[in-house]
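A look at the structure
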Amino acid sequence: MNRLIVNPDTPNSWEIPLSPGVTSLGRGAHNTVALEHASVSTVHCEVWVLNAGVLLKDLGSSNG
């Protein structure tokens, strides 16, 4: 299974499992993965898991 590793190689590392298709990340409760952190925008990004690979799309987040 594909996964997004947050804070890799640190003691605070954790994983977000990624299913085929689109996973939305952001502070808003409507996201697939809601992240409560000041550095995360309400609609931050999408991760697309496709047959050809994985694409990360910034949704115009304040912090990039």
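Each remark here, short or long, concerns the structure printed above.
Residues numbered from 1 in each chain as written. Predicted model: local features only at pLDDT ≥ 70, side-chain atom pairs only at ≥ 80, totals over all residues. Heavy atoms only, no water.

On to the environment of Leu25, then. Tracing the backbone shows Leu25 in strand β3 (residues 21-26). With a relative accessible area of 4%, Leu25 lands in the buried category. Note: C-alpha distance between Leu25 and Val54 (29 residues apart in sequence) is 15 Å. Leave out the neighbours within four places in its chain, and Leu25 touches Leu4, Ile16, Asn31, Val33, Leu35, Val43, His44, Cys45 and Val47. (Helix = DSSP H or I, 4+ residues; strand = E, 2+ residues; numbered from the N terminus. Buried < 20%, exposed > 50% of the residue type's maximum accessible area, 1.4 Å probe, protein only. Contact = heavy atoms within 4.5 Å.)

So, on to unusual backbone geometry. Note on backbone geometry: most residues besides glycine have negative phi, and most peptide bonds are trans. Although it is not a glycine, Asn7 sits at a positive phi angle of roughly 55 degrees. Assignment of secondary structure puts Asn7 in the loop between β1 (2-6) and β2 (14-18). Here Asn7 falls in the partly exposed class, since its relative accessible area comes to 39%.

Our next topic: the sheet that holds β3. Across the sheet, which stays open at both edges, the 4 strands sit in the order β4-β3-β5-β6 with mixed pairing between neighbours. Every other strand in the sheet has two partners, leaving β4 (33-34) and β6 (53-58) as the edge strands with one partner each. When β3 meets β4, the two strands line up parallel, connected through 2 bridges. By the bridge assignment for β4, Leu25 is matched with Val33. (Pairing = 2+ DSSP bridges.)

These results come straight from atomic positions and should not be treated as a statement about function.
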